[in-house]
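Read off the chains here:
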Amino acid sequence: MEQLVIIPTYNEKENIVSIIDAVFDVCPEYHLLIIDDNSPDGTANLVKSQFARYPGKLFLEQRMGKMGLGTAYIHGFKWAIERGYQFIFEMDADFSHNPKDLVRLYEACKNGAGVAVGSRYTRGGAVENWPANRILLSKGASLYTRLITWMPVMDPTAGFVCYRREALEAMNLDGINFVGYAFQIEMKFAAWKLGFKIKEVPITFVDRKLGNSKMNKGIIKEGVLGVLKLRWQSLFKNYRKKLSNTDYNSTVNFQQPDVLLEGK
Ligand SMILES: Nc1nc2c(ncn2[C@@H]2O[C@H](COP(=O)(O)OP(=O)(O)OP(=O)(O)O)[C@@H](O)[C@H]2O)c(=O)[nH]1
Ligand SMILES: [Mg+2]
């Protein structure tokens, strides 16, 4: 019980069974948690239909309604921390992220990164089948984020990520504000501010073939304003989780030298 892959879903009936199979095909020893927001297309029932095939390894959390990708992941991170997983992954259900890359992300974290990012825009990374306007938007968002925050990450909106438990544990997850692309930026920003090493692993991102996109104007607006807000808040906001007396007795170890950046 070391690695947990979290996949949030909203109306992914065309993809869900095959993505579950694909993850366990490549990584039979990993565990997989699906967080479904009461998808009207019955995605959750399809997940349940697979429980018998993957006993003790496939889990489902059902929420009342569509509450956004960011809060789904926060729910999943807390679930993972409570159960003691060491390496926690974010991944989409629509095959934009190739499950074969999970192992490379894991190795990057195992070798010292606090966060491993499946990166489209680092050397060796690529995007397949996206229309030009979508690539422009995504690259523009990356450049904009780097200019405003100075965070040294080429693909800050990436949603294919592996976190070491220590990174998530150190963060005040209730203080993460955003839900869309800005959520992805904020998580990396928080990890960076807390001094964790962020390693970009090149991946090829493929546009979804089945099902519908959940991308919308609200998500873009949140990104544009959100990055400015992040920069402003970083002047006084502390992303570190406050420890209560009981937490000192738990497994939190802020002195892990291999996941801290030198000098931070
Ligand atoms: N639980 C939950 N999952 C969501 C929500 N919004 C999106 N998702 C899931 O999050 C993942 C990423 O969403 P996508 O629609 O693929 O977003 P995208 O990759 O930016 O856009 P496209 O690839 O163009 O569809 C998918 O697995 C979605 O099903 C939500 O509100 N709640
Ligand atoms: Mg997608």
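So, how was this worked out
Residues numbered from 1 in each chain as written. Chains lettered and ligands numbered in written order. Predicted model: local features only at pLDDT ≥ 70, side-chain atom pairs only at ≥ 80, totals over all residues. Core = buried A, V, L, I, M, F, W, Y, C linked by C-beta atoms within 7 Å. Buried ≥ 20, exposed ≤ 12 C-beta atoms within 10 Å, placed from the backbone. Helix = DSSP H or I, 4+ residues; strand = E, 2+ residues; numbered from the N terminus. Contact = placed C-beta atoms within 7 Å. Axes fitted to C-alpha atoms, helices over the stretch in contact; angles between N-to-C directions. Parallel < 35°, antiparallel > 145°, perpendicular 65-115°, else oblique. Nonpolar A, V, L, I, M, F, W, Y, C, P; charged D, E, K, R; others polar. Near = placed C-beta within 6 Å. Pairing = 2+ DSSP bridges. pLDDT = per-residue confidence, 0-100. Arc of directions from axis to C-beta.

(A) Representation of the nonpolar core. Val5, Ile88, Phe89, Val115 and Ala116 are the most contacted members of the largest nonpolar core, which has 70 residues in total. If one sorts the elements of this core by residue count, helix α7 (residues 181-193) sits on top with nine residues. Setting aside anything within four residues of it in sequence, one finds Val115 in contact with Val161, Tyr163, Ala167, Lys188, Ala191, Phe196 and Ile198.

(B) Highlighting the packing of α7 against helix α8 (residues 217-233). At a minimum axis separation of 7 Å, α7 and α8 run at an interaxial angle of 25°. Our classification of the angle between α7 and α8 gives roughly parallel. Facing Tyr181, Ala182, Ile185, Glu186 and Phe189 of α7, the residues of α8 in contact are Ile219, Glu222, Gly223, Gly226, Val227 and Leu230. Taken together, the residues of the contact of α7 with α8 sort by class into seven nonpolar, two polar and two charged.

(C) Structural context of the site of ligand 1. Contacts to ligand 1 come from 21 residues, most closely from Pro8, Ala72, Ala93, Ser213 and Lys214. Elements represented by at least two residues in the shell around ligand 1 include exactly β1 (3-9), β2 (31-36) and α3 (69-83). Element by element, the count of residues in the shell around ligand 1 is highest for β1, at three residues.

(D) Representation of the sheet that holds strand β7 (residues 161-164) within the structure. Strand order in the open sheet made by the seven strands is β3-β2-β1-β4-β7-β5-β8, with mixed pairing throughout. On the outer flanks of this sheet lie β3 (58-62) and β8 (198-202), each paired with one strand and no other. Here the strands of the sheet are splayed against their neighbours by 20° on average, with no regard to which way each runs. Inspection of the sheet shows β1 paired to β2 by six bridges, in the parallel sense. Bridging across to β2, Pro8 finds its partner in Ile35.

(E) Structural view of unusual backbone geometry. Backbone geometry places Asn38, a non-glycine residue, at a positive phi of 55°. Within the secondary structure, Asn38 is located in the loop between β2 and α2 (43-48). Residue Asn38 is classed as partly exposed on the basis of its C-beta count, with 13 C-beta atoms lying within 10 Å. Residues other than glycine seldom take positive phi values, yet Phe95 does so here, at roughly 70°. Within the secondary structure, Phe95 sits in the loop between β4 (87-90) and α4 (102-110). Overall, the presence of 19 C-beta atoms within 10 Å leaves Phe95 in the partly exposed class.

(F) Highlighting the pairing of strand β5 (residues 115-119). Most of β5 is tucked away: five of the five residues are buried. The alternating pattern of β5 places Val115, Val117 and Ser119 and Ala116 and Gly118 on opposite faces, both of which are buried. Here three bridges tie β5 to β7, and the two strands are oriented antiparallel to one another. Across the sheet, residue Val117 finds its bridge partner in β7, namely Val161.

(G) Geometry of the confidence of the model for the protein. The share of residues in the protein with pLDDT of 70 or more is 91%, and the mean pLDDT across the chain is 89. Scored below 50 in pLDDT, residues 247-264 makes 18 contacts in the model with residues more than four places away or belonging to other chains.

(H) Highlighting helix α1 (residues 16-26). Restricting attention to buried positions, one finds in α1 the residues Ile16, Ile19, Ile20, Val23 and Phe24. Burial along α1 is one-sided: seen end-on, the buried residues are contained in an arc of 130°. The secondary structure elements touched by the buried residues of α1 are β1, β2, α2 and β3.

(I) Structural context of the environment of Phe51. The topology assignment puts Phe51 in the loop between α2 and β3. Taking the C-alpha atoms as reference points, Phe51 and Phe196, 145 residues apart in sequence, are found 35 Å from one another.

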